[in-house]
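Summary of the model geometry
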Amino acid sequence: MNVKQLRYIAFALVAVAFCSCQKDPSTSDLNRDYLVYTAHDSGTDFSAIGTYYLPDSILIIGNSDKTEYWKDEDALAIVDAVASQMDNAGYTRIDEKETANVGLQLSYVRQVTYFVGYNNPYWWWYYPYYWAPGYWGNWIGWHYPYSVYYGYTAGSLLMEMLDLEADQETGRKLPVIWDSYIGGLLTSDSELNLQRTIDAVDQAFAQSPYLTK
């Protein structure tokens, strides 16, 4: 299979995911104007989670050779929207990631297409310096308790919740207990793009009732 064919498949399978508790995405997970997909670890008791750490920037996944973070007013508006939803769900945001129960990382895909398979969602882990597991603690990689099969396209927002209280024994991977893929956000209007992104963040939490304590 050549690269061109792979790109077509990636586009066709945008946000198609398979997890242990749900074989096919529910049609309720799809918004008419943009696409919002969420998945979670069915073995996690979200009601037992109290605190979370959320960086004040969004990682850019693009074509740069250097790590890029999105930190302008629009980025902060998106971060604030996520924080507001977490607060409303009953969690408390704290400033010390070392003592938080969970961490939230936000990433924005710019100008590129990625295809992600079942066993190693982060095959682009080192391109370029994606959220490294070491940022969150003594971890060697990422662990998804559910299978993941995504196609990410330009203008996609990724949200992931990480279990920071998981056992950090040597060789362990950091569990991702909830994730959301949001696609179809780009239009020719930057203000509309921001509003669609915030609306999509709200939708991601709305279709994840298990997060509410």
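Reading guide: rules and limits
Residues numbered from 1 in each chain as written. Predicted model: local features only at pLDDT ≥ 70, side-chain atom pairs only at ≥ 80, totals over all residues. Heavy atoms only, no water. Core = buried A, V, L, I, M, F, W, Y, C linked by side-chain atoms within 4.5 Å. Buried < 20%, exposed > 50% of the residue type's maximum accessible area, 1.4 Å probe, protein only. Helix = DSSP H or I, 4+ residues; strand = E, 2+ residues; numbered from the N terminus. Contact = heavy atoms within 4.5 Å. 1 Å grid on protein atoms, 1.4 Å probe; cavity = no way out; pocket = protein on both sides within 12 Å on 5 of 7 lines; lining within 4 Å. Points joined across faces, edges and corners; volume = space filled by probe spheres on them. Expected span 1.5 Å × (residues − 1). Polar contact = N/O pair within 3.5 Å; in protein donor to acceptor, adjacent residues only side chain to side chain. Patch = residues over 30% accessible without salt bridge, like charges linked within 9 Å, V, L, I, M, F, W, Y side chains within 5 Å. Areas by Shrake-Rupley, 256 points an atom, 1.4 Å probe, with all protein chains shown as cover. Salt bridge = Lys/Arg side-chain N within 4 Å of Asp/Glu carboxyl O. Lys, Arg positive; Asp, Glu negative; His and termini not counted. Charge placed at Lys NZ, Arg CZ, Asp CG, Glu CD. Phe/Tyr/Trp six-rings, centres within 6.5 Å; stacked < 30°, edge-to-face > 60°.

Comments concerning the nonpolar core
In terms of nonpolar packing, the biggest core is built from 36 residues, with I58, V82, M159, M161, W178 and V201 touching the most fellow members. Secondary structure elements with two or more residues in this core: β3 (58–61), α2 (73–88), β6 (102–109), β10 (156–163), β11 (174–183) and α3 (190–206). For this core, the leading source of residues is α2, giving 7 residues. What V201 contacts, discounting residues up to four positions off in sequence, is I78, A81, V82, L157, M159 and I182.

Some thoughts on the layout of surface pockets
Where empty space is left in the structure can be found by rolling a water-sized probe over the atoms. Its boundaries defined by the atoms lining it, the second largest pocket holds a volume of some 160 Å³. Forming the boundary of the second largest pocket are W70, D74, I78, Y108, L185, L186, S190, N193, L194 and T197. When residues of the lining of the second largest pocket are traced back to their parent elements, those giving at least two are α2 and α3. With 4 residues, the top contributor of residues to the lining of the second largest pocket is α3.

Re α3
Each full turn of the α-helix corresponds to 3.6 residues, which orients residues three or four apart in the same direction. For α3, which comprises 17 residues, the first-to-last C-alpha distance of 24 Å matches the rise-based estimate of 24 Å (1.5 Å per residue) to within 8%. By the burial criterion, the buried members of α3 are N193, L194, R196, T197, I198, A200, V201, A204 and F205. For α3, the secondary structure elements touched by its buried residues are β1 (35–40), α2, β10 and β11. With a side-chain oxygen positioned 2.9 Å from the backbone nitrogen of E191, the residue opening α3 is D189.

Some points on a negative patch on the surface
Together, D72, E73, D74, D189 and E191 give the surface a local cluster of negative charge. Take E73: it is sitting in helix α2. Classification of E73 by relative accessible area gives exposed; the value is 71%.

Brief notes about the packing of aromatic side chains
Taken as a whole and assessed by the stated rule, the structure comprises 4 aromatic pairs. Ring centres of Y53 and W136 lie 6.0 Å apart, and the angle between their planes is 75°; on these two criteria the pair is classed as edge-to-face. Within this pair, whereas Y53 is found in strand β2 (residues 51–53), its partner W136 is found in the loop between β7 (114–116) and β8 (142–143), the two being separated by 83 residues in sequence. Here W70 and Y108 contribute two aromatic rings whose centre-to-centre distance is 5.3 Å and whose plane-to-plane angle is 55°, an arrangement assigned as tilted. With W70 in strand β4 (residues 68–70) and Y108 in strand β6, this pair connects stretches of sequence that are 38 residues apart.

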